[in-house]
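# Geometric and topological summary
Read off the chains here:
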Amino acid sequence: MSLPDAVQYPPLTEAERLELAELLYVIETRKRLNPLEFLELLPVQKLFFDCVANLILFFGGNRSGKTTPVAAKVVNVATTKAKMKIWVVGETFQDSVAIQQRKIWELCPKKRIKYGNYD
C-alpha cells in the first residue's frame, strides 16, 4: 500500500504570510497569558478535573498523567473560589518543588498575577 502524494498548496502571498504571522503571534501570546485556556486533557484526566467533591484523591503510577490535571484543578479552583485552602501532596519535598509547583506555575494565568515570580 503506498502513501498518497502530499497535497500541494499554492504559495502564500505576502499579505497572507503577514496575516498568518499575526494570528500565530496572537495565539502564542494568549497561550503564555492563560495556558489553562488551551489545555487539552485525556478523558480520565477530564473526569478528575470536572469532579466537584471537597476531597479528591488521584492515584497513578510514574508517568501516568497525574501532574497536569492536578495542577490544572489547583489553578482553576484557586482562581475561581476566594479564600480556598488547597493541599497538593507529593512523596518528597523535592518532587513537590520540581514537579508540582513548576506545573502549577506554568498553568497560572499570568495576567491575573499582580505580584509574584517563580524560580
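Residues numbered from 1 in each chain as written. Predicted model: local features only at pLDDT ≥ 70, side-chain atom pairs only at ≥ 80, totals over all residues. Heavy atoms only, no water.

## What to know about unusual backbone geometry
This is how it is decided: Labels follow the DSSP assignment, with helices taken as runs of H or I lasting at least four residues and strands as runs of E lasting at least two, numbered in each case from the N terminus. Burial classification: accessible surface area is computed with a 1.4 Å probe over protein chains only, and a residue below 20% of its type maximum counts as buried, one above 50% as exposed, and the rest as partly exposed.
Even without glycine at this site, Arg63 takes up a positive phi of about 60°. With respect to the secondary-structure elements, Arg63 resides in the loop between helix 2 (43-50) and helix 3 (67-80). In this structure Arg63 comes out as exposed when scored by relative accessible area, which is 85%.

## A closer look at the environment of Phe58
Put simply, the test is: The contact criterion used is simple: two residues touch if any of their non-hydrogen atoms lie within 4.5 Å.
By secondary structure assignment, the location of Phe58 is in the loop between helix 2 and helix 3. Accessibility expressed as a relative area gives 25% for Phe58, which makes it partly exposed. When the C-alpha positions of Phe58 and Phe48 are compared, they lie 7.5 Å apart, and in sequence the two are 10 residues distant. With residues up to four places along the chain from it excluded, the contact list for Phe58 reads Phe48, Gly65, Lys66, Pro69 and Val70.

## Here's the deal with the confidence of the model for the protein chain
How we decide: Predictor confidence is given residue by residue as pLDDT, running from a minimum of 0 to a maximum of 100.
Confidence in the prediction for the protein chain averages 86 pLDDT; 96% of positions are at 70 or higher. Ranking the elements of the protein chain by mean pLDDT puts helix 4 (residues 93-107) last with 88 and helix 1 (residues 14-33) first with 94.

## Here's the deal with the layout of surface pockets
As a reminder, the rule being used: A cavity here means a set of points on a 1 Å grid, drawn over the protein atoms and nothing else, where a 1.4 Å probe fits but cannot get out; a pocket is an open set with protein on both sides within 12 Å along at least five of seven lines, and a residue lines either one if it has an atom within 4 Å of a point. Grid points are joined across faces, edges and corners, and a volume is the space filled by probe spheres set on the points. Residues were grouped as follows: Ala, Val, Leu, Ile, Met, Phe, Trp, Tyr, Cys and Pro as nonpolar; Asp, Glu, Lys and Arg as charged; and all remaining residues, including Gly, as polar.
The calculated volume of the largest pocket comes to roughly 1300 Å³. Lining the largest pocket are 36 residues, and of these Phe58, Val70, Val88, Val89 and Gln100 sit closest to its centre. Of all the elements in the fold, those that place two or more residues in the lining of the largest pocket are helix 2, helix 3 and helix 4. Among the elements that make up the lining of the largest pocket, the one with the highest residue count is helix 3 (6 residues). Class assignment for the residues of the lining of the largest pocket results in 19 nonpolar, 9 polar and 8 charged.

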